[in-house]
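# Examination of the molecular architecture
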Amino acid sequence: MQNILNYINGEFLEPQSQEWLDNYEPSSGKVYSKIPNSDERDIALAVKAAENAFPNWSKTTIEERSSILQRISESILENLEILVIAEAKDNGKPESLARAVDIPRAASNFKFFSQAITQFSTNAHESVGLNAVNYTLRKPLGVVGCISPWNLPLYLFTWKIAPALVSGNCVVAKPSEVTPMTAYLLSNICHNAGLPKGVLNIVHGLGTTTGQAIIEHPNVKAISFTGGTATGEHIARTAAPMFKKLSLELGGKNPNLIFADCDYDRMLETTVRSSFANQGQICLCGSRIFVEASIYDKFKTDFVNKVSQLNVGHPSSKDTNVGALVSKPHLEKVFSYIEKAETYGGKILTGGNKVTVKGYEDGYYLEPTVIEVSSNDCKLNQEEIFGPVVTLMPFKTEEEALQLANGVRYGLAATIWTNNLNRTMRLSSEIEAGIVWVNTWMMRDLRTPFGGMKDSGVGREGGFEALRFFTCLLYTSPSPRDLS
Ligand code: TXE
């Protein structure tokens, strides 16, 4: 059985504790590798290595950092198929999805930030009449922590690491203990791409020990975290007294507002995808679907019909639309909402059962499930289920649609389906969400800021916002005499 190793100070190391955790393959329910159960001693080593590497790394030229990131990006693409298979095995997602989205995006993250840094500049402010100028500088923060979740493992891990590194920081990173494999493979890729030792340290283990040691370490100056809202709250509470910089990308319960005047076929096809892509385990999935009353019955019939045709199957099968959920506890959590759907006032229209896939009887498979609800206040509409479960509910007016969309503690993303331009403009500015898509879903230019409102988090990542997060701003003012 393969042992995943920590990557600290350019070396592949076993955990100090010599303890290992089981790593499961969701599609078969079997343990297939072991993960270091790292503790504060491993994190202390990693932070020390990062601190030692910082003086040199922060002074490398932009060209040098940029070209290393470029090499990492190319190497990810050269190893695409290995990473695709590893991601699908570790996470349960269809290989086709990892091949089309996860791994290419991981390569793009490195490529994008290798280019973005060459365009990142600071400002000068001339004090007219005083013969003076103030100018700003952006400096790397030092050692930063990157903590990522299991739903888009390499995609989100690289989304944090690439901007942190390219802006001159040294990184201590922890992938989710549920999906550590591609982060481990990435440590090999970065090592071979010539990243100097100590610049990137990848430490594996549980959130409550390894992750906790990162957020508690006084010399880690910033934390970029994506994960559950409860964990985000805990991280904020722990890190705030140490004045760490925080970027928290948390949960979502995203509304999908469908108006009768939309392009119906395109909407239907995209809504199936926005509901069940990655087994519904994307924080951007539209999990609350609100449909204008005049087309509600038609939509209900067509949507249920399409959803019931989705194939649940093994990640490697070409016919699979919906793979396995990421873990047994997560399957049980999602299933508990389905079991109590009626108690919560819901009616299951399709799905609702666990699935047995031949040859993989212990895998964590669940039917894509559509539940009709009569109130937005029910638990099914208020809590993040984060699985292949969506709810349907009709609305009568635009005002009501807006109220329903905003009637939740989260504010990550929303999708509006309409061909009415004025309505688009009104709703896009009134919906409480960091991202509003119109007549599309998951369309994102890497330059755009990404992040949520309300309990979906604080801070923005992506584009220059990520480079701003991973740098601190100083201002300098030479005395006017020095300029003359
Ligand atoms: O996430 P956690 P979990 C939501 C989703 C899911 C719920 C819980 O609703 O059901 O969160 O999932 C690390 N200090 N999302 O429990 O625990 C952990 O090891 C430092 C939404 O898996 O938040 C992992 O690396 N780190 C979501 C990362 O935090 C800690 C994606 C996320 O794990 C820590 C995933 C601690 N004390 C789940 N405790 C999204 N927004 O995309 C845990 N971690």
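Residues numbered from 1 in each chain as written. Predicted model: local features only at pLDDT ≥ 70, side-chain atom pairs only at ≥ 80, totals over all residues. Heavy atoms only, no water.

Hydrogen bonding along the main chain pairs the strands of a sheet, whether they run parallel or antiparallel. One open sheet accounts for 3 strands, arranged S1-S5-S4; its pairing is mixed. What marks the edges here is a single partner per strand, and that holds for strand S1 (2–3) and strand S4 (20–25). By the bridge criterion, 2 bridges tie S1 to strand S5 (residues 30–36) in an arrangement that is parallel. In the sheet register, Gln 2 faces S5, and the bridge partner there is Ser 33. (Pairing = 2+ DSSP bridges. Helix = DSSP H or I, 4+ residues; strand = E, 2+ residues; numbered from the N terminus.)

Okay, the site of the ligand next. Of all residues adjacent to the ligand, which total 27 residues, the nearest are Trp 150, Glu 177, Thr 231, Lys 333 and Glu 384. Interatomic distance of 3.3 Å between a side-chain N/O atom of Asn 151 and an oxygen atom of the ligand. One nitrogen or oxygen atom from the main chain of Leu 250 is found 2.9 Å from a nitrogen atom belonging to the ligand. Coverage of the ligand by the protein amounts to 86% of the 810 Å² it exposes when considered alone. The set of elements that each furnish at least two residues to the shell around the ligand consists of helix H7 (207–216), strand S11 (220–226), helix H8 (229–239) and helix H11 (328–339). No other element matches the 4 residues that H7 contributes to the shell around the ligand. Here the residues of the shell around the ligand sort into 9 nonpolar, 13 polar and 5 charged. (Near = heavy atom within 4 Å. Polar contact = N/O pair within 3.5 Å; in protein donor to acceptor, adjacent residues only side chain to side chain. Areas by Shrake-Rupley, 256 points an atom, 1.4 Å probe, with all protein chains shown as cover. Nonpolar A, V, L, I, M, F, W, Y, C, P; charged D, E, K, R; others polar.)

Right, let's get into the sheet that holds strand S25 (residues 471–476). Taken in spatial order, the 3 strands make up an open sheet running S6-S7-S25, and their pairing is antiparallel. Here the strands that pair on one side only, and so sit at the sheet edges, are strand S6 (124–127) and S25. On average, each strand axis in the sheet is tilted by 20° relative to the strand beside it, whichever way the strands run. With 4 bridges connecting them, S6 and strand S7 (residues 132–140) associate as antiparallel partners. Residue pairing in the sheet places His 125 in a bridge with Asn 134 of S7. (Axes fitted to C-alpha atoms, helices over the stretch in contact; angles between N-to-C directions.)

Before going further, it helps to examine the pairing of S11. Where burial is concerned, most of S11 is hidden: 6 out of the 7 residues are buried. When strand S8 (residues 143–147) meets S11, the two strands line up parallel, connected through 5 bridges. When the sheet's bridge partners are listed, Ile 147 is paired in S11 with Phe 225. Where S11 lies against strand S12 (residues 245–249), 5 bridges are found, and the strand directions are parallel. Looking across to S12, one finds that Ala 222 is bridged to Lys 245. With respect to chirality, the unit in which S11 leads through H8 into the neighbouring parallel S12 is right-handed. (Buried < 20%, exposed > 50% of the residue type's maximum accessible area, 1.4 Å probe, protein only. Right-handed = clockwise from strand over helix to strand, strands pointing away.)

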